[in-house]
Amino acid sequence: MATTAAPQDVLDAVRVARTALSALPRTTASAGSREEWVEALGALQGLVNEATAVQDETVVALAALEGEWAEDGTVVEVRRAPGHVALDAPAIVSGALCLSAVAVERRVRDAVRRVVGAADGTASTASTGLGGLHAAMRAGRLDGYRAQVVAHELEECPPEVAATVVESLTEWFDREDATKLRRRARRLLARISPDLLRQRAARSRSESGLRRWVDEPGVDTWLGTFPSEEACAAWAAIDALAQRYLGDGVCATIDRARARALTDLVTSNATVDVQVVLTSSAAPAPATAMDGDLVEVLTPAGPDPVLVQRGWLERAITDTVVTGHDRSGRPRVLACDTGTGALVDPEETLSSDAYRPGARLAAFVRARDRHCRFPGCRVAARYCDLDHVRAWPLGPTSATNLVCLCRRHHRVKQRPGWRAVLLPDATMRWTDPTGRTRTTDPVDQRGLVLPDTGTDPSPSRSRPCTVLPDGPHSTLEHHLEHAPSTDWSRPVCRVEVHRPLRRAGPYDPPEHRPRHPHRPPARPETPPF
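Everything quoted here is computed from the prediction, not taken from an experiment. (Residues numbered from 1 in each chain as written. Predicted model: local features only at pLDDT ≥ 70, side-chain atom pairs only at ≥ 80, totals over all residues. Heavy atoms only, no water.)

Participant: Go over the nonpolar core with me, naming the residues and quoting the values.
Facilitator: Judged by nonpolar contacts, the single largest core of 30 residues is most densely connected at V365, C372, F374, W418, M428 and W430. Secondary-structure elements contributing two or more residues to this core are helix 3 (89-97), helix 13 (359-369), strand 10 (402-405), strand 11 (419-422) and strand 12 (428-431). Contact partners of W430, with chain neighbours within four places excluded, come to R373, F374, P375, L405, K413, W418, R419, A420, R436, T437, R438 and T440. A53, L181, A185 and L196 belong to the second largest nonpolar core, which has 23 residues in total. (Core = buried A, V, L, I, M, F, W, Y, C linked by side-chain atoms within 4.5 Å. Buried < 20%, exposed > 50% of the residue type's maximum accessible area, 1.4 Å probe, protein only. Helix = DSSP H or I, 4+ residues; strand = E, 2+ residues; numbered from the N terminus. Contact = heavy atoms within 4.5 Å.)

Participant: Report on unusual backbone geometry, specifying residues and quantitative values.
Facilitator: Among all residues except glycine, the phi angle is most often negative; among peptide bonds, the trans geometry is most common. Residue W392 is joined to P393 through a cis peptide bond whose omega torsion reads 10°. At C98, a position not held by glycine, the phi torsion is positive, near 55°. Residue position: C98 is located in the loop between helix 3 and helix 4 (101-115). C98 sits in the exposed class, given a relative accessible area of 71%. Even without being a glycine, A426 presents a positive backbone phi close to 75°. Tracing the backbone through its elements, the reader meets A426 in the loop between strand 11 and strand 12.

Participant: Hey, could you go over the sheet that holds strand 12 for me, with residue numbers and the actual values?
Facilitator: Strands sit in the order 11-12-13 across an open sheet of three strands; the sheet is antiparallel. Two strands close off the open sheet at either side, each with one partner strand: strand 11 and strand 13 (437-440). The mean angle between the axes of side-by-side strands here comes to 20°, regardless of whether they run parallel or antiparallel. In this sheet, strand 12 lies alongside strand 11 in antiparallel orientation, the contact comprising four bridges. Directly across from R419, in strand 12, lies its bridge partner T431. (Pairing = 2+ DSSP bridges. Axes fitted to C-alpha atoms, helices over the stretch in contact; angles between N-to-C directions.)

Participant: Could you give me a rundown of the packing of helix 10 (residues 228-248) against helix 11 (residues 254-267), with the residues and numbers involved?
Facilitator: With their axes 8 Å apart at the nearest point, helix 10 and helix 11 run at an angle of 120° to one another. By the angle between their axes, helix 10 is oblique relative to helix 11. Here helix 10 runs over helix 11; the crossing is right-handed. Contact with helix 10, carried on its side by W235, A237, I238, D239, L241, A242, Q243, Y245 and L246, involves I254, A257, R258, R260, A261, L262, D264 and L265 of helix 11 and no other residues of that element. A per-class count over the contact of helix 10 with helix 11 returns twelve nonpolar, one polar and four charged. (Parallel < 35°, antiparallel > 145°, perpendicular 65-115°, else oblique. Left-handed = near helix turned anticlockwise from the far one by under 90°. Nonpolar A, V, L, I, M, F, W, Y, C, P; charged D, E, K, R; others polar.)

Participant: Quick one: what's the story with the side chain of D387, residue by residue and with numbers?
Facilitator: Within the secondary structure, D387 is located in strand 9 (residues 385-388). A polar contact is formed between the side chain of D387 and the side chain of K413, at a distance of 3.1 Å. Apart from the residues within four sequence positions on either side, D387 is in contact with N401, L402, V403, L405, H410 and K413. (Polar contact = N/O pair within 3.5 Å; in protein donor to acceptor, adjacent residues only side chain to side chain.)

Participant: Provide a residue-level description of the pattern of salt bridges, including the pertinent values.
Facilitator: Under the definition given, this model contains 28 salt bridges. A salt bridge links R203 to E207; its shortest N-O distance comes to 3.5 Å. Judged by relative accessible area, which is 24%, R203 ranks as partly exposed. The partner of R258 in a salt bridge is D239, and the shortest N-O contact between them spans 3.0 Å. One end of the pair, R258, is in helix 11; the other, D239, is in helix 10, with 19 residues separating them in the sequence. (Salt bridge = Lys/Arg side-chain N within 4 Å of Asp/Glu carboxyl O.)

Participant: Any details on a positive patch on the surface? Residues and values, ideally.
Facilitator: A grouping of K180, R183, R187 and R191 is seen on the molecular surface, where their side chains present a positively charged patch. Inspection of the secondary structure puts R183 in helix 8 (residues 178-192). (Patch = residues over 30% accessible without salt bridge, like charges linked within 9 Å, V, L, I, M, F, W, Y side chains within 5 Å. Areas by Shrake-Rupley, 256 points an atom, 1.4 Å probe, with all protein chains shown as cover. Lys, Arg positive; Asp, Glu negative; His and termini not counted. Charge placed at Lys NZ, Arg CZ, Asp CG, Glu CD.)

Participant: How would you explain helix 6 (residues 144-153) if you had to name every residue and give the values?
Facilitator: Helix 6 sits mainly inside the fold: seven of its ten residues count as buried. Among the residues making up helix 6, those that are buried are G144, R146, A147, V149, V150, A151 and E153. Close packing links the buried residues of helix 6 with helix 2 (34-63), helix 4, helix 5 (131-138), helix 7 (159-169), helix 8 and helix 9 (194-206). Structurally, the start of helix 6 carries an N-cap: the backbone nitrogen of Y145 is 3.1 Å from a side-chain oxygen of D143.

In structure tokens, the structure reads:
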């Protein structure tokens with residue numbers, strides 16, 4: 001009869017492992033050979049893999065528990081069959097693992113697919129045929145990332161096909177990376193069931209799309225998947241225009257030229273009107289404001305603020321067409337909370353006695369929240385429901401009681417044991433059925449201003465250098481630097497530390513091509529010592 005571990009058993013094992021690791025002195029390279037250190041590194045990775053497998057089992061056990069209302073009004077936990085995922089289970093797991101809503105959905109799903117069925121040789125209606133991946137993780141031979149890659153390749157396979165592919169890959173788990181395992185799984189699947197691979201290709205082509213998010217300061221990242229023949233033609237057009245930009249000196253590198261070509265090709269085939277809304281707490285322009293200043297703004301395309309150049313923003317403000325009741329000839333101004341920077345309705349002019357909010361109140365709440373207010377969820381506000389934090393009619397239909405929630409987290413909020421509170425400064429506090437409390441802050445609409453200090457690494461200015469510490473030096477270097485020279489007409493040797501030079505790209509212009517990093521510098525006519 002198979003035995004199962006209780007939560008206390010897991011906690012006891014974790015305490016033993018953490019106590020043993022914390023008792024180790026800090027490891028240094030002063031002792032031991034490379035072979036010994038490699039063995040220790042592999043043993044630690046095996047421990048991490050086993051811990052990840054046990055964590056998967058814990059996630060599956062937690063997801064099978066579901067809260068329900070009892071007849072006396074209390075919340076009771078009902079245990080479902082392994083493989084069942086309660087509606088609010090990912091939300092609870094996200095609080096324990098500090099994962100975003102998208103990441104935790106994937107984490108719970110991967111754990112269930114690997115653990116449920118076939119792991120112990122028993123049949124299960126929820127079996128996916130991926131039990132071999134979990135068994136390899138339990139043995140310390142496979143990490144979670146590589147297991148996820150293989151499982152993704154076998155997404156729509158019948159359990160028997162998936163089990164066959166996993167069994168064929170078992171011998172490679174100890175020595176191949178994720179890319180090679182993905183390639184092997186795809187080739188095995190093509191031999192076993194080519195129709196499944198064709199179906200996956202058709203599905204991937206139909207689900208191709210383009211996503212955008214704020215990444216590094218001042219730039220956005222786009223991630224697109226396109227049908228191959230469409231991508232080939234589009235890439236040829238982008239690359240042709242980029243090569244022309246590179247030859248004309250518009251851009252310094254081919255990557256920057258391609259990015260510029262893409263945006264130019266898109267905007268040249270569309271008409272875009274920019275509307276600017278200012279907030280009352282917006283930082284005033286400094287007396288020496290320059291066109292190169294970076295200003296933080298919010299765009300309708302995403303919930304996160306972006307950095308744009310001040311000159312572009314001022315031109316957009318000048319071109320903004322004023323509508324409505326504002327006759328000042330300038331963009332309308334909205335008030336912000338002095339603490340959090342959230343938009344506020346000072347006089348509650350948008351409140352209503354009805355259940356459904358009016359158009360102006362709905363637009364105000366969406367502009368304030370920008371995205372779903374559940375912790376870690378980034379679904380845009382335009383795709384969210386407007387939820388009364390305190391149920392109507394006990395709670396009013398006003399900005400102080402309405403928040404944006406995506407449909408899933410709207411339903412999670414209504415599950416037994418969940419509590420949500422919207423504070424006056426638009427901060428929202430969530431408490432899950434386990435008692436864990438998390439807080440979501442509103443989007444700060446006040447915006448930052450980064451003044452141009454003249455050190456921007458643009459082609460028209462000198463690129464700033466990272467100053468490295470001068471040393472430590474060997475005994476010979478110290479002697480060459482500090483020992484007095486016998487010939488006072490010649491200075492002592494100076495040992496300098498140079499940062500590594502970037503390799504020149506194939507399309508970099510000559511003035512941007514650094515010296516080859518492995519080429520020795522030219523020797524002076526006379527030695528320095």
